[in-house]
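A look at the structure
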Amino acid sequence: KNEVEQSPQNLTAQEGEFITINCSYSVGISALHWLQQHPGGGIVSLFMLSSGKKKHGRLIATINIQEKHSSLHITASHPRDSAVYICAVEFQGAQKLVFGQGTRLTINP
Amino acid sequence: KAGVTQTPRYLIKTRGQQVTLSCSPISGHRSVSWYQQTPGQGLQFLFEYFSETQRNKGNFPGRFSGRQFSNSRSEMNVSTLELGDSALYLCASSLGVSGSTDTQYFGPGTRLTVL
């Protein structure tokens, strides 16, 4: 079965802390997406990865294809980073996204 | 460039009714995907349209249908509404030209409540 697991489900941290959110999947993929959803529902695509590592500002996404695992890191976290972060995977041959349950991140000032 | 727009933003219906939701993609995007988001099931893929053809479909009953017009605008329809259809319905557009998913640009969603 094609599954996507995220951890942790909830994460609370203090401003400035280094944040790591993890995503594991069950079988081979074509691509993995990290999404950010703010209260109110709007979703923003942060990264799309098929290998290696990508960086945008304070956000870094990595993927290990052999271990079927990806991480999203936030450096120098800020209260405005508070949101739900969602991992979504396109399994090989599927051409559609399967989503993790999301990680609710709260950064306290 | 204008973003993805969805109408209406909020909708209240009763069981048994039907509903039509609309999505206007970013100009130049030919792919529109629809998703359902509920607290229990999270985000789930409904279907994807590309150049007026349904290209992919998720595991939803036939009550859920959609279409895409020649200007890439898309509609989804849910017939014989059930309480469990209450959800946030999101559409996302992309260029859609590659064999796998492109970066998707999401609309603000339509929140449907079924009473």
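Scroll up a little and you will see the structure.
This one's a predicted model, so the numbers in the text were calculated from it and none came from an experiment.

Quick look at the sheet that holds strand E6 (residues 52-56) of chain A
Strand pairing in a sheet relies on backbone hydrogen bonds, with the paired strands running either antiparallel or parallel. Residues and elements named next belong to chain A. Taken in spatial order, the five strands line up as E1-E3-E8-E7-E6 in an open sheet, and their pairing is antiparallel. Where the open sheet ends on each side, the last strands, each with one partner, are strand E1 (4-7) and E6. Pairs of neighbouring strands in the sheet enclose a mean axial angle of 15°, with direction left out of account.

Some remarks on the pattern of salt bridges
All names here are of chain B. Scanning the entire structure with this criterion turns up six salt bridges over all chains. Residue Asp-85 pairs with Arg-63 through a salt bridge whose shortest N-O separation is 2.8 Å. In this pair, Asp-85 is assigned in the loop between strand E8 (74-78) and strand E9 (87-94) and Arg-63 in the loop between strand E6 (53-57) and strand E7 (64-68), connecting sequence segments 22 residues apart. Here Asp-85 and Arg-63 have matching classes, each one buried. The closest approach of N and O atoms between Arg-67 and Glu-75, which form a salt bridge, is 3.2 Å. According to the relative accessible area criterion, Glu-75 is buried, its value standing at 16%. Shared partners join several salt bridges into a network, and the residues in it are Arg-63, Glu-82 and Asp-85.

Focus: the interface of chain A and chain B
On the side of chain B, 22 residues touch chain A, which itself brings 18 residues to the contact. The tally of links between chain A and chain B comes to zero salt bridges. At the level of elements, strand E4 (29-37), strand E5 (43-49), strand E9 (83-91) and strand E10 (97-99) of chain A are the ones that each hand at least two residues to the side of chain A that touches chain B. No other element matches the five residues that E4 of chain A contributes to the side of chain A that touches chain B. Taken together, the residues of the side of chain A that touches chain B sort by class into eight nonpolar, eight polar and two charged.

What about the state of the cysteines?
The final tally for this structure, using the stated rule, is two disulfides over all chains. Paired through a disulfide, Cys-23 of chain A and Cys-87 of chain A show a sulfur-sulfur distance of 2.0 Å. Across the S-S bond of Cys-23 of chain A and Cys-87 of chain A the torsion is about -60°, and the bridge reads as left-handed. In this pair, Cys-23 of chain A sits in strand E3 (residues 19-25) while Cys-87 of chain A sits in strand E9, placing the two residues 64 residues apart along the sequence. Overall, the relative accessible area of 0% leaves Cys-23 of chain A in the buried class. A disulfide bridge connects Cys-23 of chain B with Cys-91 of chain B, and the sulfur atoms are separated by 1.9 Å. Across the S-S bond linking Cys-23 of chain B and Cys-91 of chain B, the dihedral sits near 70°, which makes this disulfide right-handed. Taken as a pair, Cys-23 of chain B in strand E3 (residues 19-24) and Cys-91 of chain B in strand E9 lie far apart in primary sequence, 68 residues in all. With a relative accessible area of 0%, Cys-91 of chain B lands in the buried category.

Parameters and conventions
Residues numbered from 1 in each chain as written. Chains lettered and ligands numbered in written order. Predicted model: local features only at pLDDT ≥ 70, side-chain atom pairs only at ≥ 80, totals over all residues. Heavy atoms only, no water. Pairing = 2+ DSSP bridges. Helix = DSSP H or I, 4+ residues; strand = E, 2+ residues; numbered from the N terminus. Axes fitted to C-alpha atoms, helices over the stretch in contact; angles between N-to-C directions. Salt bridge = Lys/Arg side-chain N within 4 Å of Asp/Glu carboxyl O. Buried < 20%, exposed > 50% of the residue type's maximum accessible area, 1.4 Å probe, protein only. Contact = heavy atoms within 4.5 Å. Nonpolar A, V, L, I, M, F, W, Y, C, P; charged D, E, K, R; others polar. Disulfide = S-S within 2.5 Å.

Geometry only, nothing functional implied.
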